[in-house]
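So you can see what is in the structure, the chains are spelled out below.
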Amino acid sequence: MAKNQEIQAQTLKIPKVILLTAKIFQAISTKLVTRFAAKLFTTPIKHKIPKREFTMEQQSIQENLLIPSINKEIVVYHYGTSEKKILLVHGWSGRGTQLIKIADELLNLGYSTISFDAPAHGKSKGNSTIMIEFIASILAVEKQFGPFEFAIGHSLGGMSILNAIREHLNVKKAVIIGSGDLIHDIIDDFVKKLGLKPEIGKQLKNHFERKYGSPMNYYSSSVAAKDCTTPVLIIHDENDEEVNVKSAYHIHETIKNSELMITKNLGHRKILGSTEVIKRIIEYIKE
């Protein structure tokens, strides 16, 4: 299989029945299709833990943590015993064990890691969530199990870390991998993948702003990181089919104290297991 085909195979495919339902609802009512799209947008897919993550899943100490601000409970993973801790944050439809290859190298370096299944992800209860709850989880985990030396996040996890730093998550450095930037771009791309009219994107954005009481753009990575003084390593693959590499360049332009690493032919998920990427992360932490 060619590299581009491999990368394409990694992307999440929307079932045809959902695409058909979305178009039917759009024909019936704008309000109906907006509610349907909002439900899909906030419902992650729970995947089985792959064999490569078994070691971390079996050897970590796991416990439940209630997040009072959102009244939801998450599962937290303690991997390793060192008092020098690093926070790991997975992305949408991910798991607390997803960054295992990075975690293993960090353990070899003398650190332990703390990760978690975000609300409605992995072993955590619930069916729906949104980035606001990722951020709340990070801050609650830091309060309960911190302080952390560093924070590493993938995709939505990286976006959430930048937002949490704005909310006073205290780390020496942060690493974000394959992270998105502008919320309106994310919503527009989601609506496009559903085969819906662009105007539904505006309706969806308005729906979330009414529900959560704040502008969605507030949570965009480049907005959250506008005054960020924490050093950040930004890693992104130029062939990422889920999050366009332009996000990495824009975030890099925004954060004064940042470094940019662009990879090739790793896509959105294989990048987490790349020897080259992990080596750079370790070097960045040691610098």
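Quick summary incoming for the structure in this document.

What counts, and where the lines are drawn
- Counting restarts for each chain, with residues numbered from 1 along the sequence as it is written.
- It should be noted that, the model being predicted, local features are given only for residues of pLDDT at least 70 and side-chain atom pairs only at 80 or more, the latter also being counted only at that level, while totals for whole chains, interfaces and linings use all residues.
- By convention in this description, side-chain values take in all heavy atoms of the structure and omit both hydrogens and water.
- DSSP-based pairing: two strands are paired if at least 2 bridges between them are found.
- Runs of H or I in DSSP of at least four residues are treated as helices and runs of E of at least two as strands, each being numbered from the N terminus.
- Here the axes come from fitting lines to C-alpha atoms, over the contacting stretch only for helices, and the angles between their N-to-C directions go from 0 to 180 degrees.
- Throughout, the term roughly parallel applies to angles under 35 degrees, roughly antiparallel to angles over 145, roughly perpendicular to angles from 65 to 115, and oblique to all others.
- Crossing handedness follows the turn of the near helix against the far one: under a right angle anticlockwise gives a left-handed crossing, and clockwise gives a right-handed one.
- Contacts were defined at the residue level, with two residues in contact if any of their heavy atoms lie within 4.5 Å.
- In the scheme used here, Gly and all other residues not listed as nonpolar or charged are polar, with Ala, Val, Leu, Ile, Met, Phe, Trp, Tyr, Cys and Pro taken as nonpolar and Asp, Glu, Lys and Arg as charged.
- Exposure categories follow from relative accessible area, calculated using a 1.4 Å probe and restricted to protein chains: below 20% of the type maximum is buried, above 50% is exposed, and the middle band is partly exposed.
- Buried Ala, Val, Leu, Ile, Met, Phe, Trp, Tyr and Cys residues form a nonpolar core when they are joined through side-chain atoms within 4.5 Å.
- Salt bridges are defined by distance alone: a side-chain nitrogen of Lys or Arg within 4 Å of a carboxyl oxygen of Asp or Glu.
- Residues forming no salt bridge and having over 30% relative accessible area are the ones grouped into patches, like charges within 9 Å of each other and nonpolar side chains (Val, Leu, Ile, Met, Phe, Trp, Tyr) within 5 Å.
- Computed with a 1.4 Å probe, the accessible areas rest on the Shrake-Rupley method; for each residue, only the protein chains presented here act as cover.

1. Re the pairing of strand 1 (residues 61-67)
In summary, the side chains of a regular strand alternate between the two faces of the sheet.
Then, number 1: Looking at chain direction, strand 1 and strand 2 (residues 72-79) are connected through seven bridges and run antiparallel. Bridged to E63 within strand 2 is V76.
Then, number 2: The hairpin turn running from strand 1 into strand 2, its antiparallel successor, is four residues long, and N71 in that turn takes a positive phi close to 55°.

2. Comments concerning the packing of helix 8 (residues 183-193) against helix 9 (residues 198-212)
Then, number 1: Viewed as axis vectors pointing N to C, helix 8 and helix 9 meet at an angle of 130°, and their least axial separation amounts to 9 Å. As summarised for this structure, helix 8 and helix 9 are arranged oblique, according to the angle between their axes. Like other packed secondary-structure pairs, helix 8 and helix 9 cross with a definite hand, here right-handed. Residues I187, D188, F190 and V191 of helix 8 form the contact with helix 9, whose own contacting residues are I200, G201, L204, K205 and F208.
Then, number 2: Split by residue class, the contact of helix 8 with helix 9 holds six nonpolar, one polar and two charged.

3. Focus on the pairing of strand 6 (residues 173-177)
Then, number 1: Burial within strand 6 is extensive, with five of its five residues counted as buried.
Then, number 2: Burial along strand 6 is two-sided: the residues K173, V175 and I177 and A174 and I176 are all buried.
Then, number 3: The pairing of strand 5 (residues 150-154) with strand 6 spans five bridges and is parallel. Paired with I152 across the strands is V175, a residue of strand 6.

4. Digging into unusual backbone geometry
Then, number 1: Cis geometry marks the peptide bond from G146 to P147; its omega dihedral reads 5°.
Then, number 2: Structurally, P147 is set in the loop between helix 6 (131-145) and strand 5.
Then, number 3: One non-glycine residue, N71, lies in the positive phi region at around 55°.
Then, number 4: Take N71: it is sitting in the loop between strand 1 and strand 2.
Then, number 5: By relative accessible area, N71 is classed as exposed at 62%.

5. Examining the packing of helix 6 against helix 7 (residues 156-166)
Then, number 1: Interaxial distance between helix 6 and helix 7 falls to 9 Å at its minimum, and their mutual angle equals 60°. On the basis of the axis angle, helix 6 is oblique to helix 7. At the point where helix 6 passes helix 7, the crossing takes the right-handed sense. In this structure, helix 6 uses M131, F134, I135, I138 and L139 to contact helix 7, whose residues at the interface are L156, M159, S160, I161, N163 and A164.

6. Digging into the side chain of S214
Then, number 1: In this structure, S214 sits in the loop between helix 9 and helix 10 (221-224).
Then, number 2: Using a relative accessible area of 15% as the deciding quantity, one classes S214 as buried.
Then, number 3: Once you skip the residues sitting within four places of it in the chain, S214 turns out to touch E209 and Y219.

7. With respect to the nonpolar core
Proteins that are soluble and globular tend to have nonpolar side chains buried together.
Then, number 1: One finds F116 and V141 to be the most contacted residues of the largest nonpolar core, which totals 55 residues.
Then, number 2: Per element, the largest residue contribution to this core is eight residues, and it comes from helix 6.
Then, number 3: Residues in contact with V141, not counting those within four places in the same chain, are L65, I74, V76, L87, I114, F116, G146 and F148.
Then, number 4: Counting residues in each nonpolar core, the second largest holds 26 residues, with I100, I102, A103 and Y111 among its members.

8. Here we look at the pattern of salt bridges
Then, number 1: Under the definition given, this model contains eleven salt bridges.
Then, number 2: Between E53 and R95 there is a salt bridge, with its nearest N and O atoms 2.6 Å apart. Here R95 lies in the loop between strand 3 (85-89) and helix 5 (100-108) and E53 lies in the loop between helix 3 (30-41) and helix 4 (54-59), a separation of 42 residues in the sequence.
Then, number 3: Overall, R95 belongs to the buried group, its relative accessible area being 7%.
Then, number 4: When salt bridges with common partners are traced through the structure, they connect E259, R280, E283 and E287 into a single cluster.

9. Let's talk about a nonpolar patch on the surface
Then, number 1: Where nonpolar side chains cluster on the molecular surface, the patch consists of L20, I24, I28 and L32 and spans about 370 Å² of accessible area.
Then, number 2: Looking at the nonpolar patch, the element that brings in the most residues is helix 2 (residues 16-28), giving three residues.

10. As for the environment of D185
Then, number 1: With respect to the helices and strands, D185 occurs in helix 8.
Then, number 2: Under the relative-accessibility criterion, D185 is labelled partly exposed at 28%.
Then, number 3: For the pair D185 and N217, spaced 32 residues apart in sequence, the C-alpha separation works out to 9.8 Å.

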